[in-house]
Amino acid sequence: MDTLELIRSHAGSLPLLARFAIGMALIVGIPPLARRARLPVVVVFLLSGIVVGPDGLGIIPKHPYVADFLAELGKLLLMFFAGLEIDLVLFQRARNRSLLFGFFTTLIPQCLGTAVGLWFGYSLIPSIVLGSLLASHTLLGSSIVVRQGLTRFEPIIITFGATVMSDTLSLIVFAVCLSTYQSGFSVSGIAVQLIEIAIFIPLILLGLSRFGAYLLKKVEDDEHAYLVLLLAIVAVAGLLAQSINLPGIVGAFLAGLAVNGAVRDQPVKEKLELFGNSFFIPIFFIVTGFLIDPIVFFHSIVDNFTLVSAIIGALLVGKWLAVEITGRAFGYTTAARWTMWSLTLPQVAATLAATLVAYDTFNPAGQRLIDKEVLNAVLVLMLTTAILGPVLTERFAPRLRKEADALKP
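Residues numbered from 1 in each chain as written. Predicted model: local features only at pLDDT ≥ 70, side-chain atom pairs only at ≥ 80, totals over all residues. Heavy atoms only, no water.

Engineer: Quick one: what's the story with the overall build of the chain, residue by residue and with numbers?
Structural biologist: For the chain, the count of helices and strands is 19 helices and zero strands. A compact globule built from 409 residues should have a C-alpha radius of gyration of about 22 Å, and the chain, at 21 Å, falls within 12% of that. A principal-axis box enclosing the C-alpha atoms of the chain has dimensions of 60 × 50 × 45 Å. Evaluated residue by residue, the chain yields a buried proportion of 51% over its 409 residues. Carbon and sulfur atoms make up 69% of the accessible area of the chain, which totals about 18600 Å². (Helix = DSSP H or I, 4+ residues; strand = E, 2+ residues; numbered from the N terminus. Rg over C-alpha atoms; globule rule 2.2 N^0.38 Å. Buried < 20%, exposed > 50% of the residue type's maximum accessible area, 1.4 Å probe, protein only. Areas by Shrake-Rupley, 256 points an atom, 1.4 Å probe, with all protein chains shown as cover.)

Written out as structure tokens, the structure is:
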């Protein structure tokens, strides 16, 4: 038995509380370590997840259901906080710009990803699916711009707003391809999906803003009830999104926007953010690292280097073109455009979920929608962009902050 297997055998017998203690030690110890190493905290959390995960030292076993549940809450809270931090007055002013940027940051990577699939010999539907996997993005760097105090600036606002559109559009394309691959093209299926989305977004933004504000007003003198009600709002919004085949993070983000005005000046908001940023969100990043097998990651790069490079290149170029087209049209500075680009690079939440579903989807002939090579390439893309995006955000956001400070009277 080699050394790694010996460590894994001992780690597999660790008591549950010992594993919990190790997880808490990571959450407490990683931030100062990351600051000393001058790396984004998100990156070090992801790398620590690889090390302690089932494909690393094996301290955390495969299918850690409790950790997965806590990570799911962290992912939802991450997007909920993003919605809460947006200045709604500025968001209303920039709504059309958010829609335009969301359209371009979805369309261009979608087209380039589809072209890569066709270039490497995949049929049309798998190629379109590959493009849809590149179209969305996860705001892993949102905590960095929040820390820099940039959430009131228009370039950041429209980037956050574009996330909803990119996730929604990419998931619509993905759902259409999925049903077509399994049972053929269905106009009625597409129509039902679009109608559900058209009902869902106003329901959350308008209905929840009024009903949620009413309920929160009733319990504003009871901090415990207020905190529980906020968590319930996040969970319900995420569940409603999933019920119409949209990622839960879309519902969580919309919920944050919906209750933004009612919650903004409440002290409970700060307590929830402290709890979420100190516990749930770090767990989400660590658990994401569990999904990476370092050996598979290495072999994917070596054996399919051209495919991996083409997919990563399509994403980098596609997101960059979208930012350049819209950013220059809106007159944004170089620092603003590069910050927007870095925020739209990470491919984690919606991309990973859709990839795993696509891999487990078969046509009547028993062929997978995407094969093992594409699956591994997307895993490489996920890890690469999950590291590169926050690193670049950490670099460019302070420059945007300096520009903003220089404009102050």
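Engineer: Would you mind going over helix 9 (residues 154–183) in detail, with residue names and values included?
Structural biologist: Along its 30 residues, helix 9 runs 44 Å from first to last C-alpha, staying within 8% of the 44 Å computed at 1.5 Å per residue. Most of helix 9 sits out of view: 21 of its 30 residues are buried. (Expected span 1.5 Å × (residues − 1).)

Engineer: I'd love a proper account of the confidence of the model for the chain, names of residues and values included.
Structural biologist: Of the residues in the chain, 94% have a pLDDT of 70 or more, and the chain-wide mean is 83. No element of the chain has a lower mean pLDDT than helix 5 (residues 88–93), which averages 68, and none a higher one than helix 16 (residues 305–329), which averages 94. (pLDDT = per-residue confidence, 0-100.)

Engineer: With reference to specific residues and values, describe the nonpolar core.
Structural biologist: If you look at the biggest cluster of nonpolar residues, it comprises 121 residues, and the most contacted ones within it are Phe80, Val129, Leu216, Phe285 and Ile311. If you tally residues by element for this core, the top one is helix 19 (residues 372–407), at 14 residues. Residues contacting Ile311, with those up to four places away along its chain left out, are Val116, Leu130, Leu134, Ala377 and Leu381. (Core = buried A, V, L, I, M, F, W, Y, C linked by side-chain atoms within 4.5 Å. Contact = heavy atoms within 4.5 Å.)

Engineer: Describe the packing of aromatic side chains, with residues and values.
Structural biologist: What characterises a pair of aromatic rings is the spacing of the ring centres plus the angle enclosed by the ring planes. Scanning all chains against the criterion turns up nine aromatic pairs. Residues Phe103 and Phe104 carry aromatic rings whose centres are separated by 5.6 Å and whose planes lie at 70° to one another, so their mutual orientation is edge-to-face. Taking relative accessible area as the criterion, Phe103 reaches 38% and is therefore assigned partly exposed. Each member of the aromatic cluster is reached from another via a ring pair, and the members are Phe275, Phe279 and Phe280. Positioned above the aromatic ring of Tyr359 is the side chain of Arg368, whose terminal nitrogen or guanidinium carbon lies 4.0 Å from the ring centre. (Phe/Tyr/Trp six-rings, centres within 6.5 Å; stacked < 30°, edge-to-face > 60°. Lys NZ or Arg CZ within 6 Å of the ring centre and 35° of its normal.)

Engineer: Account for the pattern of salt bridges, with residues named and values stated.
Structural biologist: Charged atoms that come close allow side chains of opposite charge to pair. Overall, the coordinates contain six salt bridges when judged by the stated rule. Two residues, Arg337 and Glu324, come together in a salt bridge whose shortest N-O distance is 3.0 Å. Of this pair, Arg337 sits in helix 17 (residues 334–343) while Glu324 sits in helix 16, placing them 13 residues apart in sequence. Judged by relative accessible area, which is 13%, Glu324 ranks as buried. Each of Glu324, Arg328 and Arg337 takes part in salt bridges that share partners, so that together they form one network. (Salt bridge = Lys/Arg side-chain N within 4 Å of Asp/Glu carboxyl O.)

Engineer: Please provide a residue-by-residue account of the packing of helix 9 against helix 12 (residues 248–258), values included.
Structural biologist: Remark: helix 9 packs on helix 12, axes separated minimally by 10 Å, with the N-to-C direction vectors making an angle of 145°. As for how helix 9 packs across helix 12, the hand of that crossing is left-handed. Here Phe160, Gly161, Val164, Asp167 and Thr168 of helix 9 come into contact with helix 12, specifically with Ile249, Val250, Phe253 and Leu254. (Axes fitted to C-alpha atoms, helices over the stretch in contact; angles between N-to-C directions. Left-handed = near helix turned anticlockwise from the far one by under 90°.)

Engineer: Which residues make up a nonpolar patch on the surface, and what values go with them?
Structural biologist: A contiguous nonpolar surface patch, about 450 Å² in accessible area, is contributed by Ile195, Ile199, Leu203, Val236 and Leu240. Sorting the residues of the nonpolar patch by element identifies helix 10 (187–218) and helix 11 (223–243) as the ones contributing at least two each. A per-element tally of the nonpolar patch places helix 10 first, with three residues. (Patch = residues over 30% accessible without salt bridge, like charges linked within 9 Å, V, L, I, M, F, W, Y side chains within 5 Å.)

Engineer: Residue-level account of the environment of Pro155, with values.
Structural biologist: Structurally, Pro155 can be placed in helix 9. Note on Pro155: relative accessible area 10%, which makes it buried. Setting aside its immediate chain neighbours within four residues, Pro155 contacts Tyr332, Ala336 and Met340.

Engineer: Please provide a residue-by-residue account of the environment of Val357, values included.
Structural biologist: Residue placement: Val357 occurs in helix 18 (residues 349–359). Measuring from C-alpha to C-alpha, the distance between Val357 and Leu178 comes to 9.0 Å, with 179 residues separating the pair along the chain. Non-local contacts of Val357, meaning those with residues more than four positions away in its chain, are made with Phe174 and Leu178.

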